[in-house]
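# Architecture and fold: a report
Given next are the chains, with one letter for each unit.
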Amino acid sequence: MRKPTDDWRRVGDRFYRQTQLYTSVFDPDLELENYVVTGAPYSGAVALYRSENRVFAYRSSQAAKSSIDIYSCAGKLLRQVPWDRGTIKAVGWSQDERLLVVTEDGTVRSYADLEVDFVPFSLGNGAEDHGVISCRFWSNGLVALLGNNSLVAVTRYDEPRPQLLAPAPSGNVTSWTVIPPEHTSSRSVEVLLAINKTVYVVDAADCEDRGLEAGPFRHTCVSPNGKFIALYTDNGKVWVIGSDFQERYSEYDTKAKTPPKDLQWCGDNAVVLAWEDEVHLLGPNGTADKWEYNSFIHLLPDIDGIRIISGDVCEFVQKVPDSTQDVFKLGSTHPASVLLDAIEQLDRKSPKADDNIQMIRSNLDEAVDVCVRAAGQEYSIHWQKQLLKAASFGKSVLDLYNSDDFVDMTGALRVLNAVRFYEVGLPLSHEQYIRLTPERLVHRLVNRQEYLLALKISEHLRLPVDKIYVHWARQKVRSSSTDEDSICDEIVRKLNDKRGISFEEVARAAYDEGRGKLATELLEHEPRAGKQVPLLLNVGEESIALNKAIESGDTDLVFYVLLNLKKKIPLSSFFRTINSRPVATAIVESSAIDQDQELLKDLYYQDDRRLDGSNLLLSEALDAPDLSPATDKLKMAAKLVRDSKEYALQVSALEDAQKLLRFQEAFEKDLNDRYVGLSVNLTMSKLIKAGYMKRAQKVQSEFKVPDKTYWWVRLRALVSRRDWRELEDTSKARKSPIGWEAFFNEIIGAGNTKIASLFIPKCTALTPAERIEMWVKCGMLTKAGEEALKAKDRAALDELRSQASGQGQLEIDRMVAQLQKGR
């Protein structure tokens, strides 16, 4: 068994390890030197495309086809993206494994989830005129360098809004890079441009010269944490400086006559230079190590190290983690190293195992923690087991130990070992796994159609599995060549008892593939009407969509279906569809009454609902601005219901309405005032107020207005007009259909006590007490006293006496005396 230290390299006072992940990665005929290779973060997919700067031999028609090939780190072809757009200037990845392809004219294609479907957008800002020279990518965005040295930034791929950064100086850009927004004080992207002998820092608002004199710089690269910058000078030296350009940390002379083809950071503490088959690893303080390969190599940087890919091998180079050094470093006396030795002694059944435990007893908990962390850093399953075994042995000796970290690491290693398998090809380190998160790892597996592994990991980590099943079903719909009934049965059988499954997503995939029947069958199993209905409309199943909407009880959803139906089918078919569905009919009526009355008329006509149609015409007549259209509407309303005996009353009312309009038209001509639109009562009231009593009586006669109604209208109109003389004359009448109390109340309300008092004696139906109160309201206390005297009501007289004064009080006293004398 190889020791973990066998692949360590000492660089100064640090150790770096060169872990071989996979061998025989690519076909030997692939000729990697002719390709541009970029890798997604977190050990993600690798994209290869032909470099137009390389001349390559024509081999076959297959080789001549243009495409972007996407591989796993183990060399498994995941997808081929056909290319037909023009010259590719850059290919990059986002942190969610979205592939970005930028062309010379500034067009960007965004490929999500390793699919061949894409969303395009344009960089604009002169990209089409000046052309894109190159691009730099970070986790959530990109910056493009144009031919005129303009810089265009895109900070979000889901809502791309290209932004032109501050103008940069003219001159040849020998190298450039970006500092992501999360590592800048301004929280916006900054660009480092190496022009002539210096470096310029460009952001959205400003361009600043950092005043360097050692250029031109052939390579410029920022560390993953944004704190350091590596610069490769024209004389073969590598500088590592702070990102604020205030301090130089190290300098290394490569003594190379040709500049390296690539320079990248290995984590945050080392720089890797790569020529075609040679690598220099630069550690702190200008120390370095170098080694060679048998074939052309490419560097794929990651957050905690760097992947080196050739046709033969895929390796991961990183600084040896502290926990790993503590355990495995030659001559280490760390408690964790002693604990690991103890487990080896235990396997040999040697008593030294107990001696080792006693030696580190005071630091045993620390030893266990370090062994657990070191196990997470190992790629070798053997050493993972040994370290976890040592940790388990150590914690069994401890009286109290929190095993959460141990349990979590055991579960994480099971996941990591599964995804590192060459057929999957995701060689995640433990740190990458933590940053990526298990949910996003499962998403990557689903995109690679590793459904079984994704399910097992999700169940192991207790993650939801609905999206895995849905993705499988969508892929089944797209790729299966069997008949649609069999596909539907298989999908339903697999998904029917699973929680959170969206059959609508699967049905939409079927619809997009032109399988309308399959989409309809799948939608029958979707429990949410809001998801079913829109797609049912798309596949032409309007009746089913309407039924589902009605069953859901969601009136907004029903209304949405009805709007779509009305646009798609003839009106007669629309009415036939809703006639058998009362809910749909009611919704059409309620919406059309305010928005589309012509539709409502057609509906009433189609259903032979004459009274409803007549009422609608009547309401239109009442709202008509002129007399002529109002009359026409009334005639039409009457015509609709005239042939039916059950609507005789309505016919009579409509004819009366027409007659009223004719009267009102005549009044308007004769009296030069507005009458059209008023009711019969209001018409009479307005005529009385204007002094046309006889015309009002004519209206009463023609429309057979009851006397009670007419007298009420007349009373209120006279009071409103303040026609006290007419009201005084009315008080002389013998009878009133509405009684005389009404006259008193209306007139007293208008403030005329004198005229109101004329009606008190005529209110014979009232009690003496009520008449007394009426006299009091008129301020006639003496008259009230006389009323009380007639009623022989001593209490009322006493009450009136308390209210009276002067002569009035004497009169009340006289009445009291008279009442007492009479007794």
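- The name given to the protein in an unreviewed UniProt entry is Probable vacuolar protein sorting-associated protein 16 homolog, with the source organism recorded as Salinomyces thailandicus.
- The UniProt entry for the protein carries the following comment under Sequence similarities (unreviewed entry): "Belongs to the VPS16 family."
- Word for word, the UniProt comment on the protein under Function (unreviewed entry) is "Essential for vacuolar protein sorting. Required for vacuole biogenesis, stability and to maintain vacuole morphology."

## Quick look at the overall build of the protein
- Assigned secondary structure in the protein consists of 34 helices and 29 strands.
- When burial is assessed residue by residue, the protein has 48% of its 823 residues classed as buried.
- A separation threshold of at least 6 residues defines the contact pool for the protein, and within that pool the share at least 24 residues apart is 48%.
- Carbon together with sulfur atoms contributes 47% to the accessible area of the protein, which is approximately 41000 Å² in total.

## Some thoughts on a negative patch on the surface
- A contiguous patch of negative charge, built from Glu-33, Glu-276, Asp-277 and Glu-292, is present on the exposed surface.
- Secondary-structure assignment places Glu-292 in strand 26 (residues 288-292).
- Take Glu-292: its relative accessible area is 62%, and that puts it in the exposed class.

## Topic: helix 18 (residues 555-568)
- Counted at 1.5 Å a residue, the expected span for helix 18 with its 14 residues is 20 Å, and the 20 Å between its end C-alpha atoms agrees.
- Restricting attention to buried positions, one finds in helix 18 the residues Leu-557, Val-558, Val-561, Leu-562 and Leu-565. Buried residues along helix 18 cover an arc of 140° about the axis, so they all sit on one side. For helix 18, the exposed residues set more than 90 degrees away from the buried face come down to Asp-556 and Lys-567.

## Some points on the packing of helix 4 (residues 335-347) against helix 6 (residues 364-377)
- Packing of helix 4 against helix 6 brings their axes to within 8 Å, and their N-to-C directions diverge by 80°. With respect to each other, helix 4 and helix 6 are oriented roughly perpendicular. Taken together, the residues of helix 6 that come into contact with helix 4 (itself represented by Pro-335, Ala-336 and Leu-339) are Leu-364, Ala-367, Val-368, Val-370 and Cys-371.
- For the contact of helix 4 with helix 6, the residue count by class is 8 nonpolar, no polar and no charged.

## Considering the sheet that holds strand 9 (residues 107-111)
- Strand order in this open sheet of 4 strands is 7-8-9-10, and the pairing throughout is antiparallel. Because the sheet does not close on itself, it has two edges, and the strands there are strand 7 (88-93) and strand 10 (119-122). Averaged over all neighbouring strand pairs, the angle between strand axes comes to 20°, with direction disregarded.

## Points about the environment of Glu-31
- For Glu-31, the location among the structural elements is in the loop between strand 2 (14-23) and strand 3 (35-39).
- Spatially, the C-alpha atoms of Glu-31 and Gly-311 are 7.8 Å apart, while their sequence positions differ by 280 residues.
- For Glu-31, the side chain forms a polar contact with the side chain of Asn-34, separated by 2.9 Å.

## A short note on the packing of aromatic side chains
- The full count for this structure, using the stated rule, is 13 aromatic pairs.
- Between Phe-316 and Tyr-379, the ring centres sit 6.4 Å apart and the planes meet at 55°, which makes this aromatic pair tilted. Taken together, the residues span a long stretch of sequence, with Phe-316 in strand 29 (residues 313-319) and Tyr-379 in the loop between helix 6 and helix 7 (381-397) at a distance of 63 residues. In this structure, Phe-316 and Tyr-379 share a single accessibility class: buried.
- Between Trp-711 and Phe-743, the aromatic rings sit 6.0 Å apart at their centres with planes inclined by 75°, giving edge-to-face as the arrangement. Separated by 32 residues along the polypeptide, Trp-711 in helix 27 (residues 707-721) and Phe-743 in helix 29 (residues 741-749) bring together distant segments of the chain.
- The exposure class of Trp-711 is buried, given its relative accessible area of 17%.
- The exposure class of Phe-743 is buried, given its relative accessible area of 0%.
- Here the aromatic cluster, defined as three or more aromatic residues joined through ring pairs, consists of Trp-711, Trp-740, Phe-743 and Phe-759.
- One Lys or Arg, Lys-762, reaches over the ring of Trp-740 and ends 4.6 Å from the middle of that ring.

Reading guide: rules and limits
- Residues numbered from 1 in each chain as written.
- Predicted model: local features only at pLDDT ≥ 70, side-chain atom pairs only at ≥ 80, totals over all residues.
- Heavy atoms only, no water.
- UniProt positions renumbered as here; feature names shortened; annotations may be inferred.
- Helix = DSSP H or I, 4+ residues; strand = E, 2+ residues; numbered from the N terminus.
- Buried < 20%, exposed > 50% of the residue type's maximum accessible area, 1.4 Å probe, protein only.
- Contact = heavy atoms within 4.5 Å.
- Areas by Shrake-Rupley, 256 points an atom, 1.4 Å probe, with all protein chains shown as cover.
- Patch = residues over 30% accessible without salt bridge, like charges linked within 9 Å, V, L, I, M, F, W, Y side chains within 5 Å.
- Salt bridge = Lys/Arg side-chain N within 4 Å of Asp/Glu carboxyl O.
- Lys, Arg positive; Asp, Glu negative; His and termini not counted.
- Charge placed at Lys NZ, Arg CZ, Asp CG, Glu CD.
- Expected span 1.5 Å × (residues − 1).
- Arc of directions from axis to C-beta.
- Axes fitted to C-alpha atoms, helices over the stretch in contact; angles between N-to-C directions.
- Parallel < 35°, antiparallel > 145°, perpendicular 65-115°, else oblique.
- Nonpolar A, V, L, I, M, F, W, Y, C, P; charged D, E, K, R; others polar.
- Pairing = 2+ DSSP bridges.
- Polar contact = N/O pair within 3.5 Å; in protein donor to acceptor, adjacent residues only side chain to side chain.
- Phe/Tyr/Trp six-rings, centres within 6.5 Å; stacked < 30°, edge-to-face > 60°.
- Lys NZ or Arg CZ within 6 Å of the ring centre and 35° of its normal.

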